[in-house]
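# Per-entry structural report
What follows is the residue order along each chain.
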Amino acid sequence: MESEHFKAAELRCRHCGRAGVRRELLDVLETLRAKAGPLKVNSAYRCPEHPIEARKPKPGFHTRGLAADLVPLAMPLRTFYDVVRTEPRIKGIGVDQAAGYIHVDVREASESILWVYRNGRAVVTTEPFQEVGNG
Ligand SMILES: [Zn+2]
(Lines give C-alpha, C1' and ligand atoms only; values in the text may rest on other atoms or scores of the structure.)
Protein backbone atom coordinates (compact mmCIF):
# COMPACT_ATOMS: atom_id res chain seq x y z
CA MET A 1 0.00 0.00 0.00
CA GLU A 2 1.21 3.50 -0.75
CA SER A 3 -0.15 7.02 -1.22
CA GLU A 4 0.68 10.22 -3.04
CA HIS A 5 3.59 11.20 -0.78
CA PHE A 6 4.53 7.89 0.85
CA LYS A 7 6.06 5.10 -1.18
CA ALA A 8 5.49 1.42 -0.43
CA ALA A 9 9.23 0.91 0.19
CA GLU A 10 9.42 3.37 3.11
CA LEU A 11 6.33 1.88 4.77
CA ARG A 12 7.44 -1.76 4.72
CA CYS A 13 9.09 -3.72 7.53
CA ARG A 14 12.77 -2.72 7.34
CA HIS A 15 13.81 -6.15 8.60
CA CYS A 16 12.09 -8.35 6.01
CA GLY A 17 10.39 -6.07 3.49
CA ARG A 18 6.90 -7.27 4.33
CA ALA A 19 4.09 -4.75 3.73
CA GLY A 20 1.39 -4.13 6.32
CA VAL A 21 0.50 -0.47 6.74
CA ARG A 22 -3.23 0.13 7.06
CA ARG A 23 -5.21 2.63 5.01
CA GLU A 24 -6.37 4.52 8.12
CA LEU A 25 -2.73 5.20 9.05
CA LEU A 26 -1.81 6.24 5.52
CA ASP A 27 -4.73 8.71 5.44
CA VAL A 28 -3.44 10.32 8.64
CA LEU A 29 0.12 10.48 7.27
CA GLU A 30 -1.16 12.34 4.22
CA THR A 31 -3.09 14.76 6.46
CA LEU A 32 0.05 15.44 8.52
CA ARG A 33 2.11 15.83 5.36
CA ALA A 34 -0.33 18.42 4.02
CA LYS A 35 0.05 20.48 7.22
CA ALA A 36 3.72 19.89 8.04
CA GLY A 37 5.44 19.43 4.69
CA PRO A 38 7.79 16.56 3.87
CA LEU A 39 8.14 13.82 6.51
CA LYS A 40 10.77 11.13 6.72
CA VAL A 41 9.40 7.76 7.80
CA ASN A 42 11.88 6.15 10.20
CA SER A 43 9.64 3.13 10.66
CA ALA A 44 6.03 2.26 9.80
CA TYR A 45 4.97 -1.39 9.53
CA ARG A 46 7.11 -3.80 11.57
CA CYS A 47 6.49 -7.54 11.54
CA PRO A 48 6.43 -9.33 14.93
CA GLU A 49 9.93 -10.71 14.24
CA HIS A 50 11.45 -7.26 13.73
CA PRO A 51 14.18 -6.94 16.41
CA ILE A 52 12.49 -3.96 18.12
CA GLU A 53 9.15 -5.81 18.36
CA ALA A 54 10.68 -9.18 19.20
CA ARG A 55 12.16 -7.84 22.44
CA LYS A 56 8.89 -6.29 23.66
CA PRO A 57 6.69 -8.27 26.07
CA LYS A 58 3.81 -7.71 23.63
CA PRO A 59 4.09 -6.50 20.00
CA GLY A 60 3.16 -2.83 19.54
CA PHE A 61 1.00 -0.92 17.09
CA HIS A 62 3.67 -0.99 14.38
CA THR A 63 2.97 -4.73 14.00
CA ARG A 64 -0.68 -3.96 13.26
CA GLY A 65 0.20 -1.40 10.61
CA LEU A 66 -1.25 1.39 12.73
CA ALA A 67 1.91 3.28 13.76
CA ALA A 68 4.69 5.34 12.18
CA ASP A 69 7.78 7.12 13.51
CA LEU A 70 8.08 10.44 11.68
CA VAL A 71 10.85 13.00 11.29
CA PRO A 72 9.64 16.45 10.13
CA LEU A 73 11.93 17.78 7.41
CA ALA A 74 10.41 21.26 7.08
CA MET A 75 9.81 22.35 10.68
CA PRO A 76 11.19 21.86 14.21
CA LEU A 77 10.03 18.82 16.16
CA ARG A 78 8.17 21.03 18.65
CA THR A 79 6.14 22.64 15.86
CA PHE A 80 5.44 19.25 14.33
CA TYR A 81 4.20 18.05 17.71
CA ASP A 82 1.65 20.89 17.71
CA VAL A 83 0.47 19.73 14.27
CA VAL A 84 0.21 16.11 15.44
CA ARG A 85 -1.91 17.25 18.41
CA THR A 86 -4.50 18.78 16.05
CA GLU A 87 -5.28 15.39 14.46
CA PRO A 88 -8.01 13.60 16.45
CA ARG A 89 -7.48 10.23 14.75
CA ILE A 90 -4.02 9.99 16.35
CA LYS A 91 -4.47 8.28 19.74
CA GLY A 92 -0.87 7.45 20.59
CA ILE A 93 1.92 10.06 20.48
CA GLY A 94 5.47 9.32 21.56
CA VAL A 95 8.15 12.02 21.41
CA ASP A 96 11.82 11.16 21.04
CA GLN A 97 13.49 14.53 21.15
CA ALA A 98 17.02 13.11 21.18
CA ALA A 99 16.41 11.07 18.03
CA GLY A 100 14.25 13.79 16.46
CA TYR A 101 11.13 11.82 15.66
CA ILE A 102 7.53 11.46 16.84
CA HIS A 103 5.69 8.13 16.99
CA VAL A 104 2.05 8.44 15.93
CA ASP A 105 -0.53 5.68 15.99
CA VAL A 106 -4.21 5.36 15.14
CA ARG A 107 -5.16 2.71 17.72
CA GLU A 108 -8.83 2.37 18.70
CA ALA A 109 -9.18 4.43 21.89
CA SER A 110 -11.42 7.11 23.33
CA GLU A 111 -8.57 9.05 24.95
CA SER A 112 -5.15 9.77 23.51
CA ILE A 113 -1.96 8.80 25.31
CA LEU A 114 1.31 10.76 25.31
CA TRP A 115 4.76 9.60 26.23
CA VAL A 116 8.42 10.50 25.89
CA TYR A 117 11.37 8.17 25.37
CA ARG A 118 13.82 8.44 28.21
CA ASN A 119 16.94 6.25 28.19
CA GLY A 120 15.26 4.06 25.60
CA ARG A 121 12.10 3.56 27.68
CA ALA A 122 8.62 4.99 27.07
CA VAL A 123 7.49 7.18 29.98
CA VAL A 124 3.91 8.48 30.00
CA THR A 125 3.53 12.24 30.38
CA THR A 126 1.05 15.02 29.66
CA GLU A 127 3.65 17.59 28.51
CA PRO A 128 6.28 15.88 26.36
CA PHE A 129 8.38 18.97 25.75
CA GLN A 130 8.42 20.24 29.33
CA GLU A 131 9.30 16.72 30.43
CA VAL A 132 12.49 16.62 28.42
CA GLY A 133 13.48 20.29 28.83
CA ASN A 134 13.68 23.02 26.26
CA GLY A 135 16.25 21.44 23.97
ZN1 LIG B 1 10.04 -8.07 9.37
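Our subject is the structure that appears above.
Residues numbered from 1 in each chain as written. Predicted model: local features only at pLDDT ≥ 70, side-chain atom pairs only at ≥ 80, totals over all residues.

Turning our eyes to something else, we now look at the overall build of the chain. Per the secondary structure count, the chain includes five helices and six strands. Each helix and strand of the chain, ordered N terminal to C terminal, gives the series α-α-β-α-β-α-β-β-β-β-α. Taking 135 residues into account, the globule formula puts the C-alpha radius of gyration at 14 Å, and the chain, at 14 Å, falls close to it. Dimensions of the chain along its principal axes, counting C-alpha atoms only, are 40 × 35 × 30 Å. With 135 residues in all, the chain has 30% of them scored as buried. The contacts of the chain with a sequence gap of at least 6 include a subset with a gap of at least 24, amounting to 52%. (Helix = DSSP H or I, 4+ residues; strand = E, 2+ residues; numbered from the N terminus. Rg over C-alpha atoms; globule rule 2.2 N^0.38 Å. Buried ≥ 20, exposed ≤ 12 C-beta atoms within 10 Å, placed from the backbone. Contact = placed C-beta atoms within 7 Å.)

Our next topic: helix 4 (residues 77–85). Turning to helix 4, its buried residues number three or more, namely L77, F80 and V84. Across the axial projection of helix 4, the buried residues extend over an arc of 60°, all falling on one side. Considering only its buried residues, helix 4 is in contact with helix 2 (23–36), strand 2 (67–72), strand 3 (92–96) and strand 4 (101–105). (Arc of directions from axis to C-beta.)

One finds L25, A68, I102 and V104 to be the most contacted residues of the largest nonpolar core, which totals 27 residues. Going through the elements one at a time, helix 2, strand 1 (39–43), strand 2, helix 4 and strand 4 are the ones with two or more residues in this core. A per-element tally of this core places helix 2 first, with five residues. Residues within four places of I102 in sequence aside, it is in contact with L70, L77, F80, Y81, V84, I93, G94 and V95. (Core = buried A, V, L, I, M, F, W, Y, C linked by C-beta atoms within 7 Å.)

So, on to the sheet that holds strand 4. If you trace the six strands from one edge of the open sheet to the other, you get 1-2-4-3-5-6, paired in mixed fashion. With one partner strand each, in any of the chains shown, strand 1 and strand 6 (121–124) form the two edges of the open sheet. Here the strands of the sheet are splayed against their neighbours by 30° on average, with no regard to which way each runs. Bridge count between strand 3 and strand 5 (residues 113–118): four bridges; the pairing is parallel. (Pairing = 2+ DSSP bridges. Axes fitted to C-alpha atoms, helices over the stretch in contact; angles between N-to-C directions.)

Counted at 1.5 Å a residue, the expected span for helix 2 with its 14 residues is 20 Å, and the 20 Å between its end C-alpha atoms agrees. Those residues of helix 2 that are buried are in contact with strand 1, strand 2, helix 4 and strand 4. (Expected span 1.5 Å × (residues − 1).)

Looking along a regular strand, one sees side chains alternate from face to face of the sheet. By the criterion of burial, strand 4 is predominantly enclosed, with five of the five residues buried. By the alternation rule, side chains of strand 4 split into Y101, H103 and D105 and I102 and V104, which are all buried. Judged from the four bridges that link them, strand 2 and strand 4 form a sheet pairing that is antiparallel. Considered in strand 4, the bridge of A67 is made with D105. Hairpin geometry of strand 3 and strand 4 is characterised by an intervening segment of four residues between the two adjacent antiparallel strands and by a positive phi of about 75° at G100.

As for its placement among the helices and strands, A9 is situated in helix 1 (residues 8–11). Here A9 falls in the exposed class, since 11 other C-beta atoms lie within 10 Å of it.

A word on the environment of L11. Within the secondary structure, L11 sits in helix 1. With sequence-adjacent residues up to four places away left out, L11 is seen in contact with M1, E2, F6, A19, V21, V41, A44 and Y45.

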